[in-house]
Amino acid sequence: MNSELKTAGVSQRRPRFLIKVQTYLRPRANLPASERMTISVVGVLGFFLLWLLVTEAGWIQPFFLPSPIAVASRLANMVVSGGYLEDVWASSYRVFGGFFVAAVVAVPIGILIGNFPFFRSLLEPLLSTARYLPATAFVPLMIIWLGINESQKISIVFMGTFFPLALFIASISEGVSSDLMNSAYSLGASSRQVFFKVLLPACVPAIVDALRITAGIAWTYVIVAELVGADKGMGIAILQSQRFLLTDQVIAGIVAVGILGVLTDLAFRYAHRKFFPYMY
Amino acid sequence: MTRVLVDNVSVEFARHREAPQIALTNTNLEIEQGEFVCLLGPSGCGKSTLLNVVGGLVEASTGLIKVDGRSVSQPGPDRGMVFQNYSLYPWHTVRQNIEFGPKLNRWPKVKVSEIANELIEIVGLKEYADQFPKVLSGGMKQRVAIARALAMEPSVLLMDEPFGALDAQTRSRMQELLLDIWSRKRTTVIFVTHDIEEAVYLADRVLVMSARPGRIIEDFRIELPRPRVADVVASEEFTRYRKHMLHLLRH
Ligand SMILES: Nc1ncnc2c1ncn2[C@@H]1O[C@H](COP(=O)(O)OP(=O)(O)O)[C@@H](O)[C@H]1O
Ligand SMILES: [Mg+2]
């Protein structure tokens, strides 16, 4: 009788949140889309609320961490009256330039490495070594080679993104199923046709995804490239704010880079849906 | 007329720290124009290897393969291939998949669309002609793959367990459809399977294979009347073939 009561009690009286917690801790649990959305919103709001709380309550001095409201109004101020959009434009131009050149070179080289044993043997040892060279350490070298100018900054973005991108694309293109290519050979395709009509279209969607992921790296390197000898740019704006101990402006600059990164990401996702409708 | 000739073909695969694997040993085979031949055997006995060596995807270590009198060592449009995993081009619609080969070979536009129309009709996919493969069921995908291979009007159609991933009902409908297509087109077919009933139901000849080393151990001529309907499997003759093959595969 006692044990009967107990078992009944366990299943009925167990608090609902305990059941929830159990679900959240189960690997690959099924959560409805709305619930996942709610959790995301709670996460983001929670972050800002915490930030707001510790700053507005005066637990941390504004000099170390200004409140999110101060940062937002500073950012608006920079855009409206500080000519910040020129900095944004200068950095975006460098990111786009360096990343574009890196992609244009990395896509063919990656596919060559992934699918042609000759090019793999020829290029892979060099590329996978170069991947370990820190792109930031090339800043001085690029200054010696190119001087302090746009091409020097663009080439840092290039150095930082090209090597990981090329190897990423090599592994993507290597993964295209052999049956897919063999069926084309058996339909009378030449090597050239298999390359352009099967291999390329088969890996382009994954390549666009790889570009989206690597674009984040480009934003990291542009900031580094601008720390030396730039008169405009989001990186130099952050550096100058630090010199004048304008913490809110430093954080505003970081937030702005984050916003542009998210926008880049969204643009890639949109393009993916637009260009590869057969995947959705 | 001999369509496919396999003369003393062996295939060896290199193995890690062991003697090479003999996947196929001294195999001889002659297939006539229009014949439907099944390769039957347990997993790993070299069925795919034999098929792929005819298809030109695997290199023979010894011997010679001839299709229509020409010796082959590379894949080519005279040998259409159908794989178990469909291997359709996901970025092309059903029609574009079927037209892929003829377009590649720059056949005249009118001929390309005529062939595509006919094949779409034959495999019963008119309503799906402009859909991407993603929305098709497994059976439909395999019908597209068959149509795509047939579009090049190959001398021989090579099929590697094409219905292996389908459920029982779809599978039996696909078998009927394949026989229907074959009787219309009279293409020579080499069909790999490990399913005895499938082999006997479809084939003019069933070549039973055995492993280690891979080889053909028996060549059955299936004398069941055509056109074959699904209840042929209940006939006495069918049962006799099946028993005999089962016995061979067990020993
Ligand atoms: N590419 C390969 N490399 C090494 N061994 C292989 C390769 N392909 C097949 N084999 C071996 O050859 C034998 C026959 O394989 P396969 O022709 O695929 O058999 P089946 O199609 O009858 O199941 C198997 O033992 C398999 O392990
Ligand atoms: Mg096989």
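One can find the structure itself at the top, above this paragraph.
As the structure is a computational prediction, the values presented were derived from the model and not from experiment.

Quick notes on the rules
- Residues numbered from 1 in each chain as written.
- Chains lettered and ligands numbered in written order.
- Predicted model: local features only at pLDDT ≥ 70, side-chain atom pairs only at ≥ 80, totals over all residues.
- Heavy atoms only, no water.
- Helix = DSSP H or I, 4+ residues; strand = E, 2+ residues; numbered from the N terminus.
- Contact = heavy atoms within 4.5 Å.
- Pairing = 2+ DSSP bridges.
- Axes fitted to C-alpha atoms, helices over the stretch in contact; angles between N-to-C directions.

## Details of the environment of Leu-119 of chain B
Residues and elements named next belong to chain B.
Item 1. With respect to the element layout, Leu-119 can be found in helix H3 (residues 109–122).
Item 2. Residues Leu-119 and His-194, spaced 75 residues apart in sequence, show a C-alpha to C-alpha distance of 28 Å.
Item 3. When sequence neighbours within four positions are dropped, the list of residues in contact with Leu-119 reads Ile-98, Ala-147, Leu-150, Ala-151 and Lys-185.

## Side note on the sheet that holds strand S2 (residues 18–32) of chain B
Residue and element names in this part refer to chain B.
Item 1. Here four strands make up an open sheet; going across it, the order is S2-S1-S4-S5 and the pairing antiparallel. The two strands at the open ends of the sheet, each matched to only one other strand, are S2 and strand S5 (70–71).
Item 2. Pairing between strand S1 (residues 2–15) and strand S4 (residues 62–67): five bridges, direction antiparallel. Note that in S4 the partner of Val-6 across the bridge is Ile-65.
Item 3. Relative to S1, helix H1 (residues 47–55) is tilted by about 120 degrees, and along the sheet it contacts S1, S2 and S4.

## Quick notes on the sheet that holds strand S8 (residues 188–193) of chain B
All names here are of chain B.
Item 1. Sheet architecture is open: six strands sit in the order S6-S7-S8-S3-S9-S10, paired in mixed fashion. Taken across any chain shown, the strands that pair with only one partner, and hence form the sheet edges, are strand S6 (79–82) and strand S10 (215–221). Shown here is a sheet whose adjacent strand axes are inclined to one another by a mean of 20 degrees, direction ignored.
Item 2. Alignment of strand S3 (residues 36–40) against strand S9 (residues 205–210), held across four bridges, turns out to be parallel. Opposite Val-37, over in S9, you have Arg-205 as the bridge partner.

Note that all results are geometric; they support no functional claim without further evidence.
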